[in-house]
Amino acid sequence: MSTDTLPESPADVAPQPPSSLIPAKKRIGDSVFKTLSTGAGTTILVILALVAAFLLVQAIPALTTPQDQQLANGYGYFPTWIVPFAFGTVWAAAWALLLAVPVALGIALFISHYAPRRLAQGLGYLIDLLAAVPSVVFGLWGIIVLAPAMMPVYTWLNAYLGWIPLFGGQVSGTGRTLLTAAVVLAVMILPIITSLTREVFLQTPKLHEEAALALGATRWEMVKMSVLPFGRAGIVSACMLGLGRALGETMAVAMVLSGSDVITIEILTSTNTNTIAATIAQNFPEAFALKQNQLIAGGLVLFVITLAVNMIARWIVARRAQYSGAN
Amino acid sequence: MLKISKIGAPVALLLAGSMALAGCAANEQTGGSTTSGSSLSGTLTGKGASSMKAAQEKWTADFQTANTGVTVNYSPDGSGAGREAFVSGAANFAGSDRALKDSEMGAGKFAGCAASSSALNLPVYISPIAVVFKVDGVTDLKLDADTLAGIFAGTITKWDDAKIKALNPDAGLPSANITAVHRSDDSGTTQNFTEYLSAVAPSVWTKDPDGQWPFPGGEAAKGTSGVIDAVTNGTNTIGYADESAAQNLSKAQIKVGDEFLSPTAEAAAKIVDQSSRVDGRADNDWALNLDRKAAGVYPIVLVSYAIVCEEYKDASVATLVKAYVGYIVSADGQAAGQSAAGSAPLSADMQSKLKTAVDSIK
């Protein structure tokens, strides 16, 4: 503290230093708050480091064991075994994002710029409530309600659009397809994206909006010209947060998706590529020794994928920030 | 709302954790007020197959009620984990969906057993696996091993396939695709189902038995309940699951010899009586070569073993194991298992044979 270096004054005589150098009176609240917040900040770093260390240490046997032993005692040779699941993780999350983003942006714009104020508040609250529904409940809903309900849609898509490879193959008899899993995931990431983008849209400077309207823009043109450019960085980071959630979602996917270790881009059949998280959840109860190490190494791969997604998001946001309407 | 859920999650975790702990404590105190003539005391640790989780829960509860000084812990971490823990001495007994292989047996290989002692494999839990289906307008379905293997291997794809029609001439089978549901997780049910197919229909089912589904692709569901849900909510589906979980679904009859058998407890339990014992084992080791072709026996069953020492290092552990496993193979224990888990009780003859084996534990 710079105040400590000030020359000590005689005990009873108050000196008259320049006003800017008056030593600040130390208040106990300040130091308590500082300690608490520093501690909290450090804790999260420590926890992250411990998780990473745990994953690394437990994953090492899966990465170092010779190939023949991995084939004999594990699920297979790890580098080739994990590839389909890594693909499935990204594939399912990408579909979820594709389905969720347009809806989320629509809801956010409706709440921030179209809906009457009273309705907007209620709707925003309802969307946030979606985030509080446990993923197991989404999983159950996916199996029992959504999957059977989607089957006619899938049959139709397959019959009329089956020439597109995505919709090809033999339609699933249970509806537990990648598309169903993606819809469930989309519903789960909807509240995150909606809440964040809504907040960003509300931050649009009123002057920009009014200027656009004053120039004769319609409401849609105003949104297009002022709100969306201003919120672009926010939209991207909201999507990336949603994507992170979709990548890591375990329970709902494990319950809904009929997964296997085959790489396929068909989204309406019984054969779908499983995700890493769901594979871990499904196999961990019976796994031991090397198999357990391999599953944890799978967790490490998922950790890396999620980290990469977040870093890409930060990079995009940083790049966009320069010419977004925010400055 | 988001903020609340962020704070709420750790709090909920803490609450859930403390409730789980409270649950354990309550479990251990079960029957604490009842008096019993038992002089047994101590803690018995078991680990292994999750297939007999429900039965083990019932057995431990009943046993602790009768012997208030004893605590029995069975953690259903899987057969492999159970065998590993038994070998390392971390568990006093293991539950396993298969007996120990010859290469795994031998004196001195088990840390918890006396140096001269090998292990004993005792088949204590029999659970019939039903082939369940949901096809519009069909309530009775008869299948033989080749047809069943063809359906699950993907070589028979339509319900009105000639092979299915030949077995079910009167059923109104639709010309629809078959959706065959298998387990997505590693399980003893899959292990035994594939064992049956590869033993009885080797020409159609070319894969080795495995706890993990050996074919790539196909409809997969997590756990017994996942398979049941998928079959129930789908159309033209077929799957396999523990018989006890399949109450509301139609179950196929399986051809054995010249007759078609339903997955009843009696027909399933006979497999233990009819099967031959593994050669070269001790008199009291009941490792079995399950005979899935024997007449009158429902062949798709899961048999779980209790693996114990011939002679324990610690005599007090031996006393507890004898009492606990002795209870499991008794008529009472088997009936309790049937009521709690829907397992098939061992025959009276088998019960007395296993009793002799348990009595030999030192």
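Residues numbered from 1 in each chain as written. Chains lettered and ligands numbered in written order. Predicted model: local features only at pLDDT ≥ 70, side-chain atom pairs only at ≥ 80, totals over all residues.

S.K.: Whenever I open this one, the overall build of chain A confuses me. Can you help?
M.R.: Summing up its helical and strand segments, chain A has 11 helices and 2 strands in all. In sequence order, the secondary structure elements of chain A are arranged as α-α-α-α-α-α-α-α-α-β-β-α-α. For 327 residues, the compact-globule estimate of 2.2 N^0.38 gives 20 Å, and the C-alpha radius of gyration of chain A, at 26 Å, exceeds that figure by more than 25%. Considering chain A as a whole, with its 327 residues, one finds that 39% of them fall into the buried category. For chain A, long-range pairs separated by at least 24 residues make up 80% of all intrachain contacts whose partners lie at least 6 apart in sequence. (Helix = DSSP H or I, 4+ residues; strand = E, 2+ residues; numbered from the N terminus. Rg over C-alpha atoms; globule rule 2.2 N^0.38 Å. Buried ≥ 20, exposed ≤ 12 C-beta atoms within 10 Å, placed from the backbone. Contact = placed C-beta atoms within 7 Å.)

S.K.: In this structure, what is going on with unusual backbone geometry? I would like to understand it.
M.R.: Excluding glycine, residues mostly carry a negative phi; peptide bonds, for their part, are mostly trans. Residue and element names in this part refer to chain B. In this structure, Asn236 takes a positive phi of about 55° despite not being glycine. Structurally, the position occupied by Asn236 is in the loop between α7 (223-233) and β8 (237-242). For Asn236, a count of 19 C-beta atoms within 10 Å translates into the label partly exposed.

S.K.: I would appreciate a short explanation of the interface of chain A and chain B in the present structure.
M.R.: Interface size is commonly expressed as the accessible area that is lost once the parts come together. Of the residues lining the interface, 30 residues belong to chain A; the matching set on chain B comes to 30 residues. Going through the elements one at a time, α4 (117-130), α5 (135-161), α9 (251-256), β1 (259-260) and α10 (276-283) of chain A are the ones with two or more residues in the side of chain A that touches chain B. Among the residues forming the side of chain A that touches chain B, the class breakdown is 14 nonpolar, 12 polar and 4 charged. (Nonpolar A, V, L, I, M, F, W, Y, C, P; charged D, E, K, R; others polar.)

S.K.: It is not clear to me how the nonpolar core should be interpreted in this structure. Could you clarify?
M.R.: One recurring pattern in soluble globular proteins: nonpolar side chains tend to sit buried together. Core analysis: the largest hydrophobic core is formed by 103 residues, its most contacted members being Leu122(B), Val131(B), Val308(B), Val321(B) and Val325(B). At 11 residues, strand β4 (residues 119-134) of chain B tops the list of elements feeding residues into this core. Two domains each donate at least three residues to this core, and these are domain 1 (9-127 + 304-359) and domain 2 (128-268) of chain B. Excluding residues that lie within four positions of it along the chain, Leu122(B) makes contacts with Trp286(B), Tyr305(B), Ala306(B), Val308(B), Val325(B), Val329(B), Leu354(B) and Ala357(B). Formed by 74 residues, the second largest nonpolar core is a distinct cluster that contains Ile82(A), Ala92(A), Val183(A) and Leu190(A). (Core = buried A, V, L, I, M, F, W, Y, C linked by C-beta atoms within 7 Å. Domains from an automatic or database assignment.)

S.K.: Is there a simple way to think about the domain arrangement of chain B in this case?
M.R.: Residue and element names in this part refer to chain B. Partitioning chain B into domains gives domain 1 (9-127 + 304-359) and domain 2 (128-268). Taking the mean C-alpha position of each, domain 1 and domain 2 sit 31 Å from one another. Taken together, the contact between domain 1 and domain 2 spans 11 residues of the former and 10 residues of the latter. Those elements giving two or more residues to the side of domain 1 that touches domain 2 turn out to be β4 and α10 (331-341).

S.K.: Teacher, can you tell me more about the confidence of the model for chain B here?
M.R.: The predicted coordinates of low-pLDDT regions are not to be read in fine detail. Residues and elements named next belong to chain B. Per-residue pLDDT for chain B averages 85, and the proportion of residues at 70 or more is 90%. Scored below 50 in pLDDT, residues 1-5 makes 9 contacts in the model with residues more than four places away or belonging to other chains. The model gives residues 19-36 a pLDDT under 50, and that stretch makes 13 contacts with residues more than four places away or in other chains. If you check the scores for this complex, the pTM reads 0.77 and the ipTM reads 0.71. (pLDDT = per-residue confidence, 0-100.)

S.K.: What is the right way to read the pairing of strand β1 (residues 42-48) of chain B from this model?
M.R.: Within a regular strand, the side chains alternate between the two sheet faces. Residues and elements named next belong to chain B. Where β1 meets strand β2 (residues 70-75), 6 bridges bridge the pair, whose relative direction is parallel. Across the sheet, Lys47 pairs through a bridge with Ser75, a residue of β2. Between the parallel pair β1 and β2, the chain is carried across by helix α2 (residues 53-66), and the sense of this crossover is right-handed. The pairing of β1 with strand β3 (residues 93-96) spans 3 bridges and is classified as parallel. Across the sheet, the residue bridging to Gly46 is Phe93, located in β3. (Pairing = 2+ DSSP bridges. Right-handed = clockwise from strand over helix to strand, strands pointing away.)

S.K.: How should I be thinking about the confidence of the model for chain A in this particular structure?
M.R.: Residue and element names in this part refer to chain A. Averaged over all residues, the pLDDT of chain A equals 86, while 91% of them reach at least 70. For residues 1-11, every residue scores under 50 in pLDDT, and the model assigns this stretch 5 contacts once sequence neighbours within four places are set aside. Long-range and interchain partners of residues 323-327, a stretch whose pLDDT sits below 50, account for 11 contacts in this model, where long-range means more than four residues apart.

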